[in-house]
Amino acid sequence: MGFSILSFLLAACFASSVAQSTPTCTLSPLGLGLDDTDQVLAAIARCGHGGHTVFRGGTYNITRKMTWDLVDSKVDLHGYLSFTPDIDYWLNTLNTYRVVFIQNQASWFVITGKDFEVDAHNTGGIQGNGQAWWEYFTTHAKADGDGRPIALTLFRARHGIIRNFAINEQPFWCNCIAESQSVIYDGMLCNASNANPAFAGTKCVNFGINTYRSDDISLLDWDITCGDDCLAIKGNSTKISARNVTCRGGNGIAFGSLGQYANLSDIVENVHLQDIQLLRLDPAVQPNMQNGVYFKSWDGSINGVPPTGGGGGTGFAKNITAMNVMLDRVNTPLHVYQTNGGHSLDLPSNLTFGGLHFINWSGTALGNKLVDIECSIAATCTGITFSGFNVSVPVGEAPQYICQNSEFRAMPQDNRDATDGQNNLKQMRFMMRRHTM
Ligand SMILES: *[C@@H]1O[C@H](CO)[C@@H](O)[C@H](O)[C@H]1NC(C)=O
Ligand SMILES: *[C@@H]1O[C@H](CO)[C@@H](O)[C@H](O)[C@H]1NC(C)=O
Ligand SMILES: *[C@@H]1O[C@H](CO)[C@@H](O)[C@H](O)[C@H]1NC(C)=O
Ligand SMILES: *[C@@H]1O[C@H](CO)[C@@H](O)[C@H](O)[C@H]1NC(C)=O
Ligand SMILES: *[C@@H]1O[C@H](CO)[C@@H](O)[C@H](O)[C@H]1NC(C)=O
Ligand SMILES: *[C@@H]1O[C@H](CO)[C@@H](O)[C@H](O)[C@H]1NC(C)=O
Ligand SMILES: *[C@@H]1O[C@H](CO)[C@@H](O)[C@H](O)[C@H]1NC(C)=O
Ligand SMILES: *[C@@H]1O[C@H](CO)[C@@H](O)[C@H](O)[C@H]1NC(C)=O
Ligand SMILES: *[C@@H]1O[C@H](CO)[C@@H](O)[C@H](O)[C@H]1NC(C)=O
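Since we're looking at a predicted model, the values are computed, not measured.

Considering the overall build of the protein
In terms of regular secondary structure, the protein is built from five helices and 28 strands. By residue count, 52% of the 437 residues in the protein fall in the buried class. Nonlocal contacts in the protein, meaning residues at least 24 apart in sequence, comprise 74% of its contacts between residues at least 6 apart. Accessible area of the protein: about 17,100 Å², with a carbon and sulfur share of 54%.

Some remarks on the state of the cysteines
Taken as a whole and assessed by the stated rule, the structure comprises four disulfides. A sulfur-sulfur distance of 1.9 Å marks the disulfide that ties cysteine 25 to cysteine 47. What sets the handedness of the cysteine 25 and cysteine 47 disulfide is the S-S torsion sign, and at about 75 degrees it is right-handed. Placement of cysteine 25 in strand 1 (residues 24-27) and of cysteine 47 in helix 2 (residues 37-47) is noted, with a sequence separation of 22 residues between them. Counting only the cysteines that form disulfides, in the order they appear in the protein, gives the pairing 1-2, 3-4, 5-6, 7-8. In this structure cysteine 204 is a free cysteine whose sulfur lies 9.7 Å from that of cysteine 226, the closest cysteine sulfur available.

Topic: the site of ligand 2
Every residue close to ligand 2 is listed here: Asn191, Ser193, Asp223 and Arg248. Take asparagine 191: an N or O atom from its side chain is 2.3 Å from an oxygen atom of ligand 2. Residue composition of the shell around ligand 2, by class: no nonpolar, two polar and two charged.

Description of the site of ligand 1
In the region of ligand 1, the neighbouring residues are Leu32, Gly33, Leu34, Asp35, Asn61 and Thr63. In this structure, an oxygen atom belonging to ligand 1 sits 2.7 Å away from a main-chain N or O atom of glycine 33. Burial of ligand 1 by the surrounding chains reaches 49%, relative to a free accessible area of 360 Å². For the shell around ligand 1, a count of residues per class yields two nonpolar, three polar and one charged.

Quick look at the environment of glycine 201
Among the secondary structure elements, glycine 201 is positioned in the loop between strand 13 (181-191) and strand 14 (207-212). Residue classification places glycine 201 among the partly exposed residues on the basis of a relative accessible area of 38%. In this structure the C-alpha to C-alpha distance between glycine 201 and valine 285, which are 84 residues apart in sequence, comes to 6.5 Å. Aside from chain neighbours lying at most four places away, what touches glycine 201 is Pro283, Ala284 and Pro287.

A look at the pattern of salt bridges
Across all of its chains, the model carries 12 salt bridges by this definition. Across the salt bridge formed by aspartate 38 and arginine 64, the nearest N and O atoms sit 2.7 Å from each other. Placement of aspartate 38 in helix 2 and of arginine 64 in the loop between strand 3 (59-62) and strand 4 (66-77) is noted, with a sequence separation of 26 residues between them. A relative accessible area of 29% means that arginine 64 is categorised as partly exposed. Arginine 163 is the partner of glutamate 117 in a salt bridge, and the nearest nitrogen-oxygen pair spans 2.9 Å. Of the two residues, glutamate 117 sits in strand 8 (residues 109-119) while arginine 163 sits in strand 11 (residues 152-168), which places them 46 residues apart along the sequence. Its relative accessible area of 17% is what places glutamate 117 among the buried residues. Note on arginine 163: relative accessible area 22%, which makes it partly exposed. Taken together, the shared-partner salt bridges connect Glu117, Arg163 and Asp186 into one network.

A short note on the packing of aromatic side chains
The geometry of two aromatic rings is summed up by the distance between their centres and the angle between their planes. By the definition in use, this model includes 23 aromatic pairs. Geometrically, the ring pair formed by phenylalanine 101 and tyrosine 261 is tilted, given 5.2 Å between the ring centres and 40 degrees between the ring planes. Taken together, the residues phenylalanine 101 in the loop between strand 6 (97-100) and strand 7 (105-107) and tyrosine 261 in the loop between strand 18 (252-258) and strand 19 (265-279) connect sequence positions 160 residues apart. A residue is classified by how much of its surface remains accessible, and phenylalanine 101, at 37% relative accessible area, is partly exposed. On the numbers, 6.4 Å between centres and 15 degrees between planes, the contact of tyrosine 294 with tyrosine 337 is stacked. In this pair, tyrosine 294 is assigned in strand 20 (residues 291-298) and tyrosine 337 in strand 22 (residues 332-340), connecting sequence segments 43 residues apart. Judged by relative accessible area, tyrosine 294 falls into the buried class, the value being 3%. Judged by relative accessible area, which is 19%, tyrosine 337 ranks as buried. Directly above the aromatic system of tyrosine 97 lies the positively charged group of lysine 65, at a separation of 4.8 Å from the ring centroid. Residue placement shows arginine 148 over the ring face of phenylalanine 172; its charged tip is 4.0 Å from the ring centre.

Reading the values: the criteria
- Residues numbered from 1 in each chain as written.
- Chains lettered and ligands numbered in written order.
- Predicted model: local features only at pLDDT ≥ 70, side-chain atom pairs only at ≥ 80, totals over all residues.
- Heavy atoms only, no water.
- Helix = DSSP H or I, 4+ residues; strand = E, 2+ residues; numbered from the N terminus.
- Buried < 20%, exposed > 50% of the residue type's maximum accessible area, 1.4 Å probe, protein only.
- Contact = heavy atoms within 4.5 Å.
- Areas by Shrake-Rupley, 256 points an atom, 1.4 Å probe, with all protein chains shown as cover.
- Disulfide = S-S within 2.5 Å.
- Near = heavy atom within 4 Å.
- Polar contact = N/O pair within 3.5 Å; in protein donor to acceptor, adjacent residues only side chain to side chain.
- Nonpolar A, V, L, I, M, F, W, Y, C, P; charged D, E, K, R; others polar.
- Salt bridge = Lys/Arg side-chain N within 4 Å of Asp/Glu carboxyl O.
- Phe/Tyr/Trp six-rings, centres within 6.5 Å; stacked < 30°, edge-to-face > 60°.
- Lys NZ or Arg CZ within 6 Å of the ring centre and 35° of its normal.

As structure tokens, then:
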């Protein structure tokens, strides 16, 4: 008896202190045909600073752009924020934010602030209603900066966690993190899978995440179905760690493109990728599985202006490790090129790639070009190492390794690999060749 009174008093005490210091806002979807945007924004306005916001399960109808400013705040998102598939509305510049500087990309939902956690409990996140977008863009020209919205943008976020979050049918970039620091994404599903037989085999052009001007970002337990880059590490991304990432379809994991802006230098440094799988899908769902990991810069000449054109930018990407990488029928496991957006007589890029380490790669390539490293003559790649790089080419084909303006070596493990005839990295030891572009 005494015990239960005590716990009642404690509970009452706790509840009142909670009520004062951490307001709680709880929402349920209003229901079909109604607009949830106002109640969502009101809850975040009331509980987004020092409070707790709980979205019960279900679908929330979001009809206009939204920013959540979260400070010392927790959001439990048990349901989906469903962004109306009104393409003309969203493509109107006034109806999205342009907080992501690179390529002037558009955002319909921005999270900013510090010391926050958004937990979607593997039961919620964003419904992007992308099928309509993918179909629309089979008959309309698309270009970077054209207003296709990023599904989830973190902008100027510090010490944030996004947990067990699903984004279904992203129209374009699934995630972007820009101008942010110390953010963990722990559990992210992005799924752009064509479900309309009439569009079978059409690439849904979208990305898992683009990182830009951000430091200390962790991507843990990601599962990305997309048609373009699974992860794209863009300018001024430092201390990026990705672990247990599955990429289904798409172009693979990209560093770049870098050097698009002639007036900016792009710095990419201290990146660690571990336990990565790249899996080819049924082509009706996503037809491409282009690269394992690839590095790309624009060339040294300026060809037009960003977002669509560019080039001439400087900078470097260094201290990058990709280990425990498993490939399923990718076209080119490893590719480096520095001629993005260029022409044959252009100036070579001054942007350097160096200190790249590829450890314990396995699986299969569809083509025989396992490694294609074509660095700029003005910016020789240095310090590229391979250890346990054992990717198979189709039966009966000889693996090909291309190495231009680069210096790399195979570590001891590959001397052993070389004896199985599958993988002749030994032949590439300490090679340094110079070619013109
Ligand atoms: C979303 O809200 C709009 C009103 O702003 C309404 O016209 C539309 O039918 C709603 N959509 C859904 C799926 O409920
Ligand atoms: C993605 O969505 C499609 C269609 O709804 C489904 O078949 C597939 O299993 C999903 N992929 C993942 C990884 O959840
Ligand atoms: C890897 O991530 C997937 C989700 O994408 C998760 O289901 C799985 O448990 C994770 N594996 C490990 C070893 O953590
Ligand atoms: C760099 O150039 C872009 C246009 O290409 C411009 O929008 C931006 O403001 C410039 N940035 C700086 C720092 O000069
Ligand atoms: C990257 O950071 C450097 C300085 O650290 C700066 O000069 C450069 O403009 C930045 N680049 C971008 C793309 O913001
Ligand atoms: C290289 O990057 C890793 C993180 O991926 C970091 O732990 C290490 O200190 C960096 N090495 C150097 C020399 O900066
Ligand atoms: C690359 O650097 C060299 C040496 O500093 C310089 O002469 C050249 O103009 C630069 N090229 C570009 C495209 O910026
Ligand atoms: C190599 O990577 C595979 C996954 O691709 C993993 O199962 C295996 O344990 C790794 N080997 C070592 C020695 O880490
Ligand atoms: C390389 O991979 C092949 C098949 O995937 C395997 O049979 C072989 O044992 C591997 N070699 C080494 C050294 O791991």
